[in-house]
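# Observations on chain architecture
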Amino acid sequence: MNKASIDSFWQAFLATLPEDAPARTATYTAEPFGDNPALADELGALVFEGKKTATCSALWEWEAEGNPVTKVGSFWIVLDGRGEPLCIVEAVEVAFRRYDAVDAEFAYAEGEGDRSLQYWRDAHRRFFTRTLAAIGKEFAPDMPLVCERFRVVYREEKSSCESS
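The numbering scheme is per chain: residues are counted from 1 as the chain's sequence reads. Thresholds applied to this predicted model are a pLDDT of at least 70 for local features of residues and 80 or more for the giving and counting of side-chain atom pairs; totals over whole chains, interfaces and linings are not thresholded and use all residues. Calculation of side-chain values draws on the structure's entire complement of heavy atoms; hydrogens and water are dropped beforehand.

Turning to the nonpolar core, a few remarks are in order. By size, the foremost hydrophobic cluster in this structure holds 31 residues, and its most contacted members are Val78, Trp120, Phe128, Met143 and Leu145. Per the convention used, a helix needs a DSSP run of H or I reaching at least four residues, while a strand needs a run of E reaching at least two, with both numbered from the N terminus. Elements supplying a minimum of two residues to this core: α2 (37-49), β2 (54-58), β3 (75-79), β4 (85-98), α4 (104-110), α5 (117-132) and β5 (144-155). Those residues in contact with Phe128 that lie beyond four places of it in its chain are Cys56, Ser57, Ala58, Glu61, Phe139, Met143 and Leu145. Residues Ile6, Ala30, Leu79 and Ile88 belong to the second largest nonpolar core, which totals 12 residues. Each nonpolar core is a collection of buried residues, namely Ala, Val, Leu, Ile, Met, Phe, Trp, Tyr and Cys, held together in the definition by side-chain atoms within 4.5 Å. Note on classification: 1.4 Å probe, protein chains only; a residue is buried when its accessible area is under 20% of the maximum for its type, exposed when over 50%, partly exposed between these limits. Whether two residues are in contact is decided by their heavy atoms, any of which lying within 4.5 Å being enough.

When the charged atoms of two side chains with opposite charge come close together, those side chains can pair. In what follows, salt bridge is the name for a side-chain nitrogen of Lys or Arg lying within 4 Å of a carboxyl oxygen of Asp or Glu. For the structure on display, the rule yields 11 salt bridges. With a closest N to O distance of 3.7 Å, Lys51 and Glu49 form a salt bridge. In this structure Lys51 comes out as partly exposed when scored by relative accessible area, which is 42%. Between Glu112 and Lys52 there is a salt bridge, with the nearest N and O atoms lying 2.8 Å from each other. Here Glu112 is found in the loop between α4 and α5, whereas its partner Lys52 is found in the loop between α2 and β2, with 60 residues between them in sequence. Lys52 shares its class with Glu112; the two are buried.

A separate point is helix α1 (residues 3-14). Expected span of a helix: the number of residues minus one, times 1.5 Å. The first and last C-alpha atoms of α1 sit 16 Å apart over 12 residues, in line with the 16 Å expected at 1.5 Å per residue. Where α1 is concerned, the buried positions are Ser5, Ile6, Phe9, Trp10, Phe13 and Leu14. Next to the buried residues of α1 lie β1 (28-32), β3, β4 and β5.

Before going further, it helps to examine the confidence of the model for the chain. Averaged over all residues, the pLDDT of the chain equals 93, while 95% of them reach at least 70. The predictor rates its confidence in each residue with pLDDT, a number between 0 and 100. Segment residues 159-164: pLDDT under 50, and 13 contacts once partners within four positions in sequence are set aside and those in other chains are kept.

Strand order across the open sheet formed by five strands is β1-β3-β4-β5-β2, with mixed pairing between neighbours. Each edge of the open sheet is held by one strand with a lone partner, namely β1 and β2. In this sheet, adjacent strand axes meet at a mean angle of 40 degrees when their direction is disregarded. Sheet topology note: the β1/β3 ladder contains five bridges and is parallel. Paired with Thr29 across the bridge in β3 is Trp76. In this analysis an axis means a line fitted to C-alpha atoms, helices contributing only their contacting stretch, and an angle means the value between N-to-C directions, from 0 to 180 degrees. Against the sheet, α2 engages β1, β3, β4 and β5, with an angle of about 90 degrees to β4. Contacts between α5 and the sheet are confined to β2 and β5, with β2 contributing the most and set at about 40 degrees to the helix. Pairs of strands are assigned from DSSP output, requiring at least two bridges between the strands.

In this structure, Val92 sits in strand β4. Taking C-alpha positions, Val92 is 23 Å from Glu157, a pair spaced 65 residues apart along the chain. Contacts of Val92, omitting those with residues within four sequence positions, involve Val72, Arg149, Phe150 and Arg151.

The next point concerns the pairing of β2. Among the five residues of β2, five are classified as buried, and the element is accordingly described as predominantly covered. Covered by surrounding structure in β2 are Ala54, Cys56 and Ala58 together with Thr55 and Ser57, the residues of both alternating faces. Where β2 and β5 come together, five bridges link them in antiparallel fashion. Within β5, the residue paired with Ala54 across the bridge is Arg149.

Structural data, given as structure tokens:
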């Protein structure tokens, strides 16, 4: 992760806003999607293109990391697999739901694969099976998720994502 390029990207975003914009005093996180560079590139491209407008994570991971859960209005600089900024998103909805309660509409908003609920379930079962092991947990159909919807609020047209 290149802190200088991330800070510069955030400043470029702020320069597009009015002087009294609430984002000027906001904090942000800077992270890639997924758990590996290839997945970060793939999912980041979907966000950049506007196909991916939602994401979810295991509540257990938030708890294990000791981080507060995302709140509506939070900003996230989406990073690619090399740790470079792609775009900035703002959380517009945060809900808690069980894995087995995620519906087809949310799966479609996640923008992955064929956007079906079955694809979402298969891909996320594999993802959570892989990632939860690091915190001593196992995938479970009734596991709690943090389900977020977001909107892209800034991107540079010459982003590295365009060549993806």
